[in-house]
Amino acid sequence: MSKNIKTYLLLGVVLLVWGIIGFKVIKAISKEPELPAVRQPISILPKNIKKRDTFELVANYRDPFLGTLPAKKKKPKKKVIRKEKVEKKNIVYAGLVSRSESGKSMFFVSIDGQQHIMSKKQKIDDVSLVSGNEKSIRVRYNGIMETIARSQ
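Residues numbered from 1 in each chain as written. Predicted model: local features only at pLDDT ≥ 70, side-chain atom pairs only at ≥ 80, totals over all residues. Heavy atoms only, no water.

**Regarding the overall build of the protein**
Part 1: A tally of regular secondary structure across the protein gives 1 helix and 7 strands.
Part 2: Expected size for 152 residues packed as a compact globule is a radius of gyration near 15 Å; at 50 Å, the protein overshoots this value by more than 25%.
Part 3: Dimensions of the protein, computed from C-alpha atoms along their principal axes, come out at roughly 145 × 65 × 25 Å.
Part 4: Counting every position in the protein, which comprises 152 residues, the buried fraction comes to 12%.
Part 5: In the protein, the proportion of contacts linking residues at least 24 apart, taken out of those at least 6 apart, comes to 24%.
Part 6: Taken as a whole, the protein presents about 15500 Å² of accessible surface, with 57% of it coming from carbon and sulfur.
Part 7: Each charge class in the protein can be summarised by its mean position, and for the 32 positive and 13 negative side chains these summaries are 13 Å apart. (Helix = DSSP H or I, 4+ residues; strand = E, 2+ residues; numbered from the N terminus. Rg over C-alpha atoms; globule rule 2.2 N^0.38 Å. Buried < 20%, exposed > 50% of the residue type's maximum accessible area, 1.4 Å probe, protein only. Contact = heavy atoms within 4.5 Å. Areas by Shrake-Rupley, 256 points an atom, 1.4 Å probe, with all protein chains shown as cover. Lys, Arg positive; Asp, Glu negative; His and termini not counted. Charge placed at Lys NZ, Arg CZ, Asp CG, Glu CD.)

Have a look at this one:
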């Protein structure tokens, strides 16, 4: 290629580059007329939140430094509480006798078919009389508190 052809070719490339730069500058300076802003109602809707997919890393590979496998985590054993079936006693409340002078009451209580006369806080056949009145008594046996109404 001759020297003049290279010069004209480079001159064309330079004019093309400067033309593109000039075109972009003129386009940026001369703004197009803005359209009037029209307000449109905006509806705000909550975004649907997706539950994240969770994962757990299981690192049960050999320790590269110690050369041992990791110890498995032991789950604590749940204690099972067994309620022993307590034999329910046949207790019947027949009535009471009270002394007017001392205010002490005596209760007629039948335990498993045997009739006893009991006062408060007295214990017969592992049955303790806790409290009582004319209508009912409260007894405790084998850790069970029971209210027994007066039989007719």
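After that view, the rundown keeps rolling.
**So, the sheet that holds strand β3 (residues 114-118)**
Part 1: Across the sheet, 3 strands lie side by side as β1-β2-β3; this open sheet has antiparallel pairing. The open sheet has two edge strands with one neighbour each: β1 (91-98) and β3. Taking the axes of each pair of neighbouring strands and ignoring which way they run, one obtains an average angle of 20 degrees across the sheet. (Pairing = 2+ DSSP bridges. Axes fitted to C-alpha atoms, helices over the stretch in contact; angles between N-to-C directions.)

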